[in-house]
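Given next are the chains, with one letter for each unit.
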Amino acid sequence: MEKHNTHTHDGEHGSHGGSMKSYVIGFLFSIILTIIPLVVVLNDLLSKTATTVLILVMAVLQFAVQLVFFMHIRDEEKPRFNLMALIFGLVILLTIVAGSIWIMTYNAVA
Amino acid sequence: MLDKIKQFASEFFVTGDPLILGAQVSIGLSLVAIIFVLTFFKKWRWLWTEWLTSVDHKKIGIMYIIASILMLFRGGVDALLMRVQLAAPELEFLHAEHYNQIFTTHGVIMILFMAMPLMFGLFNIVVPLLIGARDVAFPFLNSLSFWMFFFGAMLFNVSFIIGGSPDAGWLAYPPLSEMSGSPGLGQDFYIWGIQISGIGSLATGINFVVTILKMRAPGMKLMQMPMFVWSVLSSCITIMFAFPILTVTLFLLFIDRYLGAHFFTLDGGGNPMMYINLIWMWGHPEVYIVILPAFGIFSEVVSTFAKKKLFGYKSMVFALMSISFFSFFTWAHHFFTMGSGANVNAFFALTTMLIAIPTGVKVFNWLFTMYQGRITFTTPMMWTIAFIPCFVVGGMTGVLLSVAPADFQFHNSYFLIAHFHQVLIGGVVFGYFAGLYYWWPKMFGFRLHEGIGKWAFWFWNIGFYVCFMPQYALGLMGMTRRFNEYDFDMGWQPLNVVSTVGAFLMGLAFIFQVWQIAHSIKFYKKEKDGDAWDGRTLEWSIPSPAPLYNFARLPQVTSQDEWWEEKQRIASGEPAKPLAPLEPIHMPKNSSIPFIMSLCWFIAGFGFVWDWLWMAIPGMIGVAICMLARSFSYDTDYYIPVDEIERTEAALRGTK
Amino acid sequence: MAHAVSTPAGAHGGHGAGHGGGHHDDHHDQESLKMFGFWLFLITDVILFGTLFATYVVLRLNTDGGPTGAELLEMNGIIISTFLLLTSSFTSGVAVLEMNKGNKRGLILWLAITALLGASFVFLEVNEFMHLVHEGATIGTSAYWSAFYVLVGTHGLHVSVGLVWMTALIFQLSRRGITPVTKRKVSIISLYWHFLDVVWIFVFTIVYLMGVM
C-alpha cells in the first residue's frame, strides 16, 4: 500500500481517526443509549412527556456518538466544510419537521 | 385483433383535437427529418462520440442551452394559446380541459424545463473557467445530470401526444391530482418526468458545490471568486437542501396514486394540506434557486461594461448567502389563505418582508458600480439595465403580497400572476439572456449580431410591460387565475386584449432571437482572441471557444478580477511571469453510461405511468446494471500529452 | 473521475515533485473530492428522511378508525433488528481498521459479516411487513400506515441497496486489492452504513418507541 508524503487525505477518514478502542467505546455507548430508552418505555417508568424527552435525547446522543466515534467528524481539517454542511442540513431538517408540525396543527383533519 | 389494436391506439395516442393532431404530425415529421439528415451526412458516430457520451462541461452546457431554448418555444406557444383564448369573453378556442392542460404544461415547462436547464447550462459553460479549473468535480455525474433532465423532460413532453397531458396545475395539488380527481395518465407523466429530471438537478447541486469549494485555481481565495461563482454556490446549496423535499413529496403522491395510500387523499385520514405544505417547502427555495445565478450574472456584466470593480463585494456575498438561507423560512406565504391562522401567517409575512432586504442591498450595489463607470451599452448590459427597474417593481409587488391580510384579496388573482411573471421574466429570463449574450463568444468563438439583438431586446421589454401591467389591474378588478373564459359583463376584455398584444410582441422578440442566432452563424465572424469584451475574469484569458482542457497551465491567482489585474500589470510594463513548464493533463474519458442509464429511467417511468410492469421492472434493472457497470469500471481517464497541448495552444493562439 | 493507475507507487512518484500547481494535486484530490461529494449527498439524504419523518409525525394519529401501531407493532423483533444493525455498524468500522492495516482478507471478511448482519435486518423487516399485512394493516389502510410503510420501507430499501453495493465492492476488492481507489470506496460505503444506522436510531425512537408508548 503506497504512502503519500504530505498529502494525508486519508487522515480524515480512517488511518488516524479510527482505532479499535474508539470503535468499541462507540459501540458500547450505542448499546447503552438503546437499552435505556427500551427499559424506560417497555416498563412505563416515566410520564409520557418525560419519556418522550428522554428517548429523543438518547437518540440525539447516539447520533453524536456515531458522528464522533464512527464518522470521525472531529478529524476534519480546516476549512470544515463537512461540519458546516451538516449543521446547515440539521437546521433545515429542524425547520422542515418543526415547521410542518406547527403549520399542520392548524390544518389537521378531523 | 385489428379492433383491439385500434382500441389501444385510441387510448395510447391523444386524439380528437386538431391542434394536437398537428403537433403529432409535425413531431413525427421532425423526427424523420432529423434521422434523415444524420444518416445522409453520416453523423451518427459524430453525435455519439462528440455529444451523447461527452463528459466535457462545455459541451454539456451547450446541450442544456439548446434544450432550454426548444422548451422556451413550447412554453411560449402555450402562453400564446392561452392569451388568444382570453382575448375575448366566452371564446371557444380552447375548451376548459384543454386550457387546464396548457396552463399546467406552461408552468412546468417554463420553470423546470426552460429556466433550470438554461441555468445549469450557464453554470456548465463558465464556472470551471471562472475558477481556473479544467472541469467540474464529477464530470461523469455532470453528464448523468444532463441526460436525466433530458429524458425526464422527454417523458413529460411525450404526454402531450401519448396518454394525455397533466391538467392539475404546475404544482398538482391534491385531491385534484389524486386518482379520484385525475384518473388519467397525465398526472403520472407529470410525477415521473419531474422526478427523473429532479434527480439530475440534485446531482448538479452537489457537483458544483464540490467544484467551487475544492477546485479553485491555486491562490484563489473564496473572497476573490467572481460574484457569479458565489451566486452559483449559494444557488446550489439551496438546490441540495430543497430538492430532496420535492423528491419525497412527488414520491408520496405517486404512492397514493399507485398503491392506494392515504398521504394526501380526502379519505383514510389523508391530509391534502400536508402536500401543499411540503411542495411549497421546495417551491419557495426553487424560485430563489433560479434568481440567485441571475443576480450573479448581473454582477459580472455590470462590472465588465462599466469597466469598474464590483461595488460592495463583501455585502454582495453576504446578501447571496443570506437569501439562500432565509429562502427556507418563507414558504407558507404561498398559502396564507388556506387556514393556517394568524400566528403562522404573521410569522411568514415577516420573514417574507425581511428577505427583500438583501436583494435591495444588491440593487444598490449594482447602481453604485455603474456610477462613474465608463459604460458601454452592449446587449448584455442593456438586459442588465432593463432588469433593474423591472425586477424592483416585481419585487415590490411581492412585498405587497407578503402582507397576509392583503393577500386574501390578491391570492390566485391576476395580481399574483403579474407579480411572479415580473420577477421570473424580469429577473430570471432577462438575467439568463444577459448571460447567454455575454458568454456566447466564449462558447462558440463568434458573437451574436448586436443590431438584431437590440430589436429582440426592445420587443421583449415592451412586450413584457404591455402584457403584464394590465394584469395587475385585472387582478385588482377581480379576475381570477386559471379561468379559461370570462363573462362579457365583467369588463375585463379591453385589458385582456392589451395583454394578448403584449404576449405576441414577446413572441415576435423570440423570433428575432432565433433570427439573430441563424444570422450570426451564417455570417460567421471569428473572434480575434478570447477576450471578447475586455473582460475582468479568467474565462477571458483563454481562447474562444475554449480548448478541451480549458487552461494549458492552471492560473496562479492573487486577487479578485485576476485577468483584469493581469492586463493592468502587462500594460504598466511589468515583466511577464516565467511560464511553468507544460505537464500532461489528466482528463476524464467519455462514457455511454449516463445516456443509457437515463434512457433506462425513461423506460421505467413510462412503464410505471402505463402500469406496465413488464416495462417498468426491466427499466429499473437497467438502471441498477448501469450503476454497477460504473462501479466496476476503473479505466475512466487518460492524459493529454504535452506535445498535443503545445499544438493546440499554438493553433488557437497563433491566429491572432 | 477514477484514479488513472491501478498499479500502486509507480506513476505517483513521477508527478510527486514539489510543483505547487493544481495538476499535482489532481490524482490525490480525486479521492477526497469523492469523499466530500458523498458526504454532501448524505446530507441531502438527511433532508429526504427528514421530510419522511415530518410526514409521519403529522399523520401519526390518522388511523381512520382502523388498527393503530400500538395494537400491531411487535417490539421483540425490532429489538433484535436494532442490535443487528448496531452491531453491523461496529463491524463495518472493524473492516475499515483492517483496511488501514492493509489486511485485504480481514477487510473482506468483516465487510461480509456486515453484509450478513444487514441482510438479516432486511429479512426481519420483510417478515414484519408481511405480518402486519396479514393482520390487516396495508399501505392503503390509513394515512398512519402509509406513512409507516414509506418511512420504514425507504430505510429498508436504502439498506438493501447498500447490500448490493457491498457485494459489488467485495468482488472489486478481491480482484484489485487495497488501492487508493478501493480505499475510498470502502470509506464511502462505511460512511453510508453509519448514516443508515443513525436514521434507524430515529426510526426506532419515533416510530416504534413512541408508537407503543
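Residues numbered from 1 in each chain as written. Chains lettered and ligands numbered in written order. Predicted model: local features only at pLDDT ≥ 70, side-chain atom pairs only at ≥ 80, totals over all residues. Heavy atoms only, no water.

Undergrad: Please give an account of the overall build of chain C that cites residues and values.
TA: For chain C, the helix and strand inventory stands at seven helices and zero strands. For chain C, the α and β elements follow one another from N to C terminus as α-α-α-α-α-α-α. The buried share of chain C, reckoned over its 213 residues, is 67%. The long-range share in chain C, meaning contacts at least 24 apart out of those at least 6 apart in sequence, stands at 80%. A total accessible area of about 7,200 Å² is found for chain C, and carbon and sulfur atoms account for 65% of it. (Helix = DSSP H or I, 4+ residues; strand = E, 2+ residues; numbered from the N terminus. Buried < 20%, exposed > 50% of the residue type's maximum accessible area, 1.4 Å probe, protein only. Contact = heavy atoms within 4.5 Å. Areas by Shrake-Rupley, 256 points an atom, 1.4 Å probe, with all protein chains shown as cover.)

Undergrad: Describe the state of the cysteines, with residues and values.
TA: Residues and elements named next belong to chain B. One pass over the full model with this rule turns up zero disulfides over all chains. Among the cysteines around Cys467, which has no disulfide bond, Cys390 carries the closest sulfur, lying 12 Å off. For Cys467, a relative accessible area of 2% puts it in the buried group. (Disulfide = S-S within 2.5 Å.)

Undergrad: Go over the side chain of Ser559(B) with me, naming the residues and quoting the values.
TA: Topologically, Ser559(B) is positioned in the loop between helix H17 (493–522) and helix H18 (562–571). Non-local contacts of Ser559(B), meaning those with residues more than four positions away in its chain, are made with Gln224(B) and Glu565(B).

Undergrad: An account of the interface of chain B and chain C is requested, with residue identities and associated values reported.
TA: Contacts between the two partners involve 47 residues from chain B and, on the opposite side, 46 residues from chain C. Summing both partners gives a buried area of about 4,000 Å² for chain B against chain C, and 71% of it is carried by carbon and sulfur. Joining chain B to chain C, the criterion identifies zero salt bridges. Where chain B meets chain C, there are seven residue pairs in polar contact (both at pLDDT 80 or more). Top contributing element to the side of chain B that touches chain C by residue count: helix H8 (residues 227–259) of chain B, with ten residues. Among the residues making up the side of chain B that touches chain C, the classes are represented as 31 nonpolar, eleven polar and five charged. (Buried area = accessible area lost by both parts, 1.4 Å probe. Salt bridge = Lys/Arg side-chain N within 4 Å of Asp/Glu carboxyl O. Polar contact = N/O pair within 3.5 Å; in protein donor to acceptor, adjacent residues only side chain to side chain. Nonpolar A, V, L, I, M, F, W, Y, C, P; charged D, E, K, R; others polar.)

Undergrad: Residues and numbers for the packing of helix H1 (residues 20–42) of chain A against helix H7 (residues 180–212) of chain C, please.
TA: In contact at an axis separation of 10 Å, H1(A) and H7(C) are set at 20 degrees when each is read in the N-to-C sense. If you check the angle between H1(A) and H7(C), you find them roughly parallel. Two packed elements cross with a definite hand, and for H1(A) against H7(C) that hand is right-handed. Two secondary-structure elements touch here, H1(A) through Thr34(A), Pro37(A), Leu38(A) and Val41(A) and H7(C) through Phe204(C), Leu209(C) and Val212(C). Here the contact of H1(A) with H7(C) is composed, by residue class, of six nonpolar, one polar and no charged. (Axes fitted to C-alpha atoms, helices over the stretch in contact; angles between N-to-C directions. Parallel < 35°, antiparallel > 145°, perpendicular 65-115°, else oblique. Left-handed = near helix turned anticlockwise from the far one by under 90°.)

Undergrad: Go over the pattern of salt bridges, please, and point to the residues and values.
TA: Per the stated rule, a full pass over the model turns up 16 salt bridges over all chains. Taking the shortest distance from any N to any O, the salt bridge between Glu450(B) and Lys454(B) comes out at 3.4 Å. With a gap of four residues between them, Glu450(B) and Lys454(B) both fall in helix H16 (residues 450–476), about one helical turn apart. Residues Lys101(C) and Glu98(C) are paired through a salt bridge, measuring 3.2 Å at the closest nitrogen-oxygen approach. Salt bridges linked by common partners bring Lys307(B), Asp531(B), Asp534(B) and Lys567(B) together as one network.

Undergrad: Summarise the interface of chain C and chain A; cite the residues concerned and give the values.
TA: Facing 53 residues of chain C, the contacting portion of chain A comprises 50 residues. Taking both partners together, chain C and chain A bury about 4,400 Å²; carbon and sulfur atoms supply 80% of that area. It is Trp39(C), Phe90(C) and Met213(C) that lose the most area in chain C upon contact with chain A, and together they represent 15% of the buried surface on that side. Along the contact surface separating chain C from chain A lie zero salt bridges. Of all elements in the fold, only helix H2 (22–59), helix H4 (75–100) and H7 of chain C reach the threshold of two or more residues within the side of chain C that touches chain A.

Undergrad: Would you mind going over the packing of aromatic side chains in detail, with residue names and values included?
TA: Residues and elements named next belong to chain B. Per the counting criterion, the structure on display carries 108 aromatic pairs over all chains. Relative to Trp492, the ring of Tyr486 lies with its centre 6.0 Å away and its plane at 55 degrees, an arrangement referred to as tilted. Exposure class is identical for Tyr486 and Trp492. Each is buried. The ring of Trp46 has Lys43 lying over it, and the distance from NZ or CZ to the ring centre is 4.9 Å. (Phe/Tyr/Trp six-rings, centres within 6.5 Å; stacked < 30°, edge-to-face > 60°. Lys NZ or Arg CZ within 6 Å of the ring centre and 35° of its normal.)

Undergrad: So what about the side chain of Asn157(B)? Which residues, and what values?
TA: Residue and element names in this part refer to chain B. Looking at the element boundaries, Asn157 is found in helix H6 (residues 139–158). Of the polar contacts made by the side chain of Asn157, one reaches the side chain of Arg74; its length is 2.5 Å. Ignoring sequence-local partners within four residues, the contact set of Asn157 consists of Met71, Arg74 and Ile109.

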